[in-house]
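Working through the structure, step by step
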Amino acid sequence: MFFDSHAHYEDRRFDEDRFSLLDSFKENGIDYIVNIGTNLETSKKSIELANKYDFIYATAAFYPDEVLSLTEEDFFKLEKLCENEKIVAIGEIGLDYHYDDVPKEKQIYWFERQMKLANKLDLPVVIHMRDSTKDTLDILKSNKVKGGVMHCFSGSVETAKNVLELGYYISFSGTVTFRNAKNLAEVAKIVPDDRLFIETDCPYLSPEPYRGKRNSSLNLIHTASVLANLRNTSVEHIADITRNNAKTFYNIK
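In this report, we go over the structure that sits alongside the text. (Residues numbered from 1 in each chain as written. Predicted model: local features only at pLDDT ≥ 70, side-chain atom pairs only at ≥ 80, totals over all residues. Heavy atoms only, no water.)

**Quick word on the overall build of the chain**
In plain terms, the rule: Numbering of helices and strands starts at the N terminus; helices are DSSP runs of H or I of at least 4 residues and strands are runs of E of at least 2. When we talk radius of gyration, it's over C-alpha atoms, and the globule rule is simply 2.2 Å times the number of residues to the 0.38. Only protein chains enter the area calculation, which uses a 1.4 Å probe; residues under 20% of their type maximum are buried, those over 50% are exposed, and those in between are partly exposed. Contacts are assigned to residue pairs with any non-hydrogen atoms lying within 4.5 Å of each other. For the charge count, each Lys or Arg is scored as positive and each Asp or Glu as negative, with His and the chain ends excluded. Note that the charge is assigned to NZ on lysines, CZ on arginines, CG on aspartates and CD on glutamates.
Per the secondary structure count, the chain includes 9 helices and 8 strands. Taken over C-alpha atoms, the radius of gyration comes to 17 Å for the chain, in line with the 18 Å a tight globule of 253 residues would show. Oriented by its inertia axes, the alpha-carbon framework of the chain measures out at about 45 × 40 × 35 Å. The buried share of the chain, reckoned over its 253 residues, is 57%. For the chain, the share of sequence-separated contacts (at least 6 apart) that also reach a separation of at least 24 residues comes to 71%. In the chain, which carries 32 positive and 40 negative side-chain charges, the distance between the mean positions of the two groups comes to 2 Å.

**Structural notes on helix 2 (residues 40–52)**
Here is the rule: By this rule, a helix spans an expected 1.5 Å times one less than how many residues it contains. For the purposes of these results, a polar contact is taken to be a pair of N or O atoms within 3.5 Å, where, inside protein, one atom must be able to donate a hydrogen and its partner to accept one; residues adjacent in sequence count only when each atom of the pair is a side-chain atom.
Counted at 1.5 Å a residue, the expected span for helix 2 with its 13 residues is 18 Å, and the 19 Å between its end C-alpha atoms agrees. Packed against the buried residues of helix 2 are helix 1 (18–23), strand 2 (30–35), strand 3 (56–60), helix 3 (72–81) and strand 4 (87–96). Of the residues that open helix 2, the one with a side-chain oxygen 3.1 Å from the backbone nitrogen of Glu-41 is Asn-39.

**A closer look at the pattern of salt bridges**
This is how the line gets drawn: When a carboxyl oxygen of Asp or Glu lies within 4 Å of a side-chain nitrogen of Lys or Arg, that pair is called a salt bridge.
Following the criterion strictly, the structure yields 15 salt bridges and no others. Between Glu-73 and Lys-77 there is a salt bridge whose closest N-O contact spans 3.7 Å. In this pair, Glu-73 and Lys-77 are both assigned in helix 3, 4 residues apart and thus about one turn of the helix distant. One salt bridge in this structure joins Glu-186 and Lys-189, with 3.1 Å as the shortest N-O distance. Of this pair, Glu-186 and Lys-189 both sit in helix 7 (residues 182–190), separated by 3 residues, roughly a single helical turn. Overall, Lys-189 belongs to the partly exposed group, its relative accessible area being 44%. Through salt bridges that share partners, Arg-179, Glu-208 and Arg-211 make up one connected network.

**Regarding a negative patch on the surface**
Filter applied, for reference: Patches in this entry comprise residues that are over 30% relatively accessible and not in a salt bridge; like charges within 9 Å are linked, as are nonpolar side chains (Val, Leu, Ile, Met, Phe, Trp, Tyr) within 5 Å. What sets the accessible areas is the Shrake-Rupley method with a 1.4 Å probe; for residues, cover comes only from the shown protein chains.
Together, Asp-65, Glu-66, Asp-100 and Asp-101 line one region of the surface with negative charge. Position of Asp-65 relative to the elements: it lies in the loop between strand 3 and helix 3. Classification of Asp-65 by relative accessible area gives partly exposed; the value is 38%.

**Quick notes on the sheet that holds strand 6 (residues 148–150)**
We count it as follows: Strands were regarded as paired on the criterion that DSSP finds at least two bridges between them. Axes here mean lines fitted to C-alpha atoms, for a helix over just the part in contact, with angles spanning 0 to 180 degrees between N-to-C directions.
A sheet is described by the order of its strands in space; here 8 strands give the open sequence 1-2-3-4-5-6-7-8, paired in parallel fashion. Two strands bound the open sheet, and with one partner strand each, they are strand 1 (2–7) and strand 8 (196–198). Pairwise comparison of adjacent strand axes, ignoring direction, gives a mean angle of 30 degrees for this sheet. Relative to strand 4, strand 3 runs parallel, the two sharing 3 bridges.

**Remarks on the state of the cysteines**
Put simply, the test is: Note on terminology: pairs of cysteine sulfur atoms within 2.5 Å are recorded as disulfides.
Applying the stated rule across the entire model yields 0 disulfides. Distance from the sulfur of Cys-202, which forms no disulfide, to the nearest cysteine sulfur (Cys-152) is 12 Å.

Structure representation (structure tokens):
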């Protein structure tokens with residue numbers, strides 16, 4: 001029924017019950033999961049999970065916070081990881097200006113390098129954008145790739161329209177269920193059916209009523225229910241269109 005387009009099941013918070021949880025998903029209506037890499041270690045672990053489970057796929061990349069000491073050797077290793085047949089995208093990549101841990105110039109450099117890698121490998125990209133709207137959109141406009149999705153979108157309606165004009169998908173996480181997410185609710189109403197994703201970003205961003213607790217794909221139903229209400233449709237319709245969109249985007253037959 002559901003396609004969780006962005007998850008982190010390699011995270012240590014799943015160490016105690018990771019495999020029993022994953023084993024339960026088929027009977028609970030979770031058809032597909034894409035596990036997202038954020039550095040070499042998590043990308044490798046994502047591939048390991050994808051190789052173990054036929055319904056899990058993986059991405060590989062360096063997250064903005066991971067590029068401070070990134071080397072050309074690391075980048076070469078990333079490209080080699082992408083040769084695995086279960087790798088379906090480069091991500092998550094992008095810019096995060098919320099903290100000052102990594103200089104903007106370094107983030108921009110490696111973001112553009114990874115966009116070029118995606119173009120070279122003919123893979124779509126999964127984009128992280130936090131407090132960096134203008135620079136992110138400028139880079140997306142100047143670096144054409146096979147396709148892209150704005151992971152865990154949190155921007156304005158205007159930003160969403162700019163993203164859609166670029167041909168990107170917009171993905172909603174549990175944050176759309178938060179009581180103070182009024183701007184995000186307006187965005188959820190204007191995204192076309194064929195550009196909509198849902199995700200958990202688990203173990204982060206649990207939807208209401210589980211906000212603050214560990215998230216998992218079992219909670220997608222809550223995000224889908226809120227989206228269905230905002231878009232005046234059914235949960236089944238949200239599940240169908242987001243599953244089909246993600247399968248097309250990630251080239252899953």
